[in-house]
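An overview of the molecular structure
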Amino acid sequence: SFHEFITSEIDTNIYHIGGISTHFSLEKMWAIDFILHLLAHEEFGTLTNWIRHENGWSYGLEYEMDFDSNRLIWTIKIPLSTSEVVSTIRAELSARIANTITNEELIVATQKRLLLQTNFDLETLTSRLDAAVMCMSYTGQVATEADYRDWLQNTVSASSLHDIYQELFSPVVIGEFLASPKAGE
């Protein structure tokens with residue numbers, strides 16, 4: 001459901017969408033991150049292209065995953081110049097998300113981009129240790145760069161992303177709210 005929260009601590013309208021999972025694995029975390037790249041990457045994300053580049057409603061989308069031992073939360077934060085565009089975004093959002101995760105060309109391009117990015121993600125000893133500690137803390141296992149690359153190359157597809165979509169990104173499970181500045185500010 002849609003809720004408006006009024007706060008004096010913000011100076012722009014911020015539309016938030018997100019989801020929560022209490023059952024997750026390393027592969028699910030990777031799949032959620034992959035979908036977030038598809039949707040909100042600053043240069044290639046379909047929602048970013050639609051909201052920012054095509055319509056100029058926002059300067060950019062921010063996405064993240066947060067997790068602890070009991071839950072995983074994903075969010076996309078969309079700062080907007082005006083709250084009037086929220087109804088348009090809400091009307092088209094579900095279809096745009098569904099179309100994105102079935103777009104094989106976009107999925108393959110994102111796979112290639114993320115495979116290239118792995119060359120830099122685990123470049124230092126510190127980044128490798130941080131990744132190992134994070135994996136161990138939240139999943140009880142340590143994944144290697146080879147594990148991730150294998151998952152990207154051999155598991156990611158429109159059909160594999162569909163299950164994550166149904167569980168965490170479909171209109172029946174997605175959460176949203178709009179934070180707006182107080183009137184007159």
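When you line up the elements, Asn13 lands in strand S2 (residues 13-21). Not counting the four nearest positions on each side in its chain, Asn13 is found in contact with Ile78, Pro79, Leu80, Ser81, Thr82, Ser83, Leu178, Ala179, Ser180 and Pro181.

At their nearest, the axes of helix H1 (residues 26-40) and helix H7 (residues 158-169) sit 10 Å apart, and the two run at 85° to each other. Classified by the interaxial angle, the pair formed by H1 and H7 is roughly perpendicular. Mapping the contact onto sequence places Lys28, Ala31, Ile32, Phe34, Ile35, Leu36, Leu38 and Leu39 in H1 and Leu161, Ile164, Tyr165, Glu167, Leu168 and Phe169 in H7. Residue composition of the contact of H1 with H7, grouped by class: 12 nonpolar, no polar and two charged.

Taken N-terminus to C-terminus, the directions of H1 and helix H6 (residues 145-154) make an angle of 60°; their axes are 11 Å apart at the nearest point. Classed by the angle they form, the pair H1 and H6 counts as oblique. Handedness of the H1/H6 crossing: right-handed. Where H1 abuts H6, its residues Glu27, Trp30, Ala31 and Phe34 lie against Asp147, Tyr148, Trp151 and Leu152. Across the contact of H1 with H6, the residue classes break down as six nonpolar, no polar and two charged.

Below, the discussion takes up the environment of Val156. The topology assignment puts Val156 in the loop between H6 and H7. In sequence terms Val156 and Ile107 are 49 residues apart; their C-alpha atoms lie 7.9 Å from each other. Residue contacts for Val156: discarding those within four places in its chain leaves Phe34, Ile107, Gln111, Trp151 and Leu161.

Another aspect to go through is the confidence of the model for the chain. Taken as a whole, the chain shows an average pLDDT of 85; of its residues, 85% reach a score of 70 or greater. Strand S1 (residues 4-7) is the least confidently modelled element of the chain, averaging 42 in pLDDT, while helix H2 (residues 46-54) averages 96, the highest of any element. Counting contacts from residues 1-9, a segment whose pLDDT is below 50, to residues more than four positions away or on other chains yields 22 contacts.

Moving on, we get to the packing of aromatic side chains. The description of two aromatic rings rests on the distance between their centres and on the angle between their planes. Considering all chains together, one arrives at six aromatic pairs under this definition. Ring geometry for Trp30 and Tyr148: centres 5.2 Å apart, planes at 65°, overall edge-to-face. One end of the pair, Trp30, is in helix H1; the other, Tyr148, is in helix H6, and 118 residues separate them in sequence. Among the residues examined, Trp30 registers a relative accessible area of 14% and is labelled buried. By relative accessible area, which is 16% here, Tyr148 ends up buried. Here Trp74 and Phe169 contribute two aromatic rings whose centre-to-centre distance is 4.2 Å and whose plane-to-plane angle is 15°, an arrangement assigned as stacked. Of this pair, Trp74 sits in strand S4 (residues 72-80) while Phe169 sits in helix H7, placing them 95 residues apart in sequence.

About the cut-offs
Residues numbered from 1 in each chain as written. Predicted model: local features only at pLDDT ≥ 70, side-chain atom pairs only at ≥ 80, totals over all residues. Heavy atoms only, no water. Helix = DSSP H or I, 4+ residues; strand = E, 2+ residues; numbered from the N terminus. Contact = heavy atoms within 4.5 Å. Axes fitted to C-alpha atoms, helices over the stretch in contact; angles between N-to-C directions. Parallel < 35°, antiparallel > 145°, perpendicular 65-115°, else oblique. Nonpolar A, V, L, I, M, F, W, Y, C, P; charged D, E, K, R; others polar. Left-handed = near helix turned anticlockwise from the far one by under 90°. pLDDT = per-residue confidence, 0-100. Phe/Tyr/Trp six-rings, centres within 6.5 Å; stacked < 30°, edge-to-face > 60°. Buried < 20%, exposed > 50% of the residue type's maximum accessible area, 1.4 Å probe, protein only.

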